[in-house]
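Residue-level structure breakdown
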Amino acid sequence: MKLIKVIEVIAASDKGFTEATQNALAEASKTVKNIKSIYVKEMNANVENNKIVSYAVNAKISFEIEK
């Protein structure tokens, strides 16, 4: 039987949502093993002077728990 655990992380980028998602995965993978999926729950962008200056994602990362 496989056990899957889910953690929620927030990550940002000044380039886009794709890079913010990659950053979330890269940081989580430093301490979490057996990552199986990432689900982007929310996306938002910060705006200054009518321009987007940063992107952020709130993501759920699922991973298999080793026995």
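Anything mentioned here points back to the structure above.
Residues numbered from 1 in each chain as written. Predicted model: local features only at pLDDT ≥ 70, side-chain atom pairs only at ≥ 80, totals over all residues. Heavy atoms only, no water.

**As for a nonpolar patch on the surface**
A cluster of nonpolar side chains, M1, L3 and I65, forms an exposed patch at the surface whose accessible area comes to about 330 Å². Note on placement: M1 falls in the segment before β1 (3-13). (Patch = residues over 30% accessible without salt bridge, like charges linked within 9 Å, V, L, I, M, F, W, Y side chains within 5 Å. Areas by Shrake-Rupley, 256 points an atom, 1.4 Å probe, with all protein chains shown as cover. Salt bridge = Lys/Arg side-chain N within 4 Å of Asp/Glu carboxyl O. Helix = DSSP H or I, 4+ residues; strand = E, 2+ residues; numbered from the N terminus.)

**Section: the pairing of strand β3 (residues 51-65)**
In this sheet, β3 lies alongside β1 in antiparallel orientation, the contact comprising 11 bridges. Opposite A11, over in β3, you have V57 as the bridge partner. In this structure, strand β2 (residues 35-48) lies alongside β3, joined through 12 bridges in antiparallel fashion. Residue pairing across strands places N46 opposite S54, the latter belonging to β3. As consecutive antiparallel partners, β2 and β3 are separated by two residues, and within that stretch N49 has a phi angle of approximately 50°, a positive value. (Pairing = 2+ DSSP bridges.)

**Some details on the sheet that holds β3**
Ordered by their spatial adjacency, three strands build an open sheet running β1-β3-β2, and the pairing between neighbours is antiparallel. Every other strand in the sheet has two partners, leaving β1 and β2 as the edge strands with one partner each. Mean inter-strand twist for the sheet, computed between neighbouring axes without regard to direction, equals 15°. Across the face of the sheet, helix α1 (residues 17-28) comes into contact with β1, β2 and β3 while running at roughly 40° to β3. (Axes fitted to C-alpha atoms, helices over the stretch in contact; angles between N-to-C directions. Contact = heavy atoms within 4.5 Å.)

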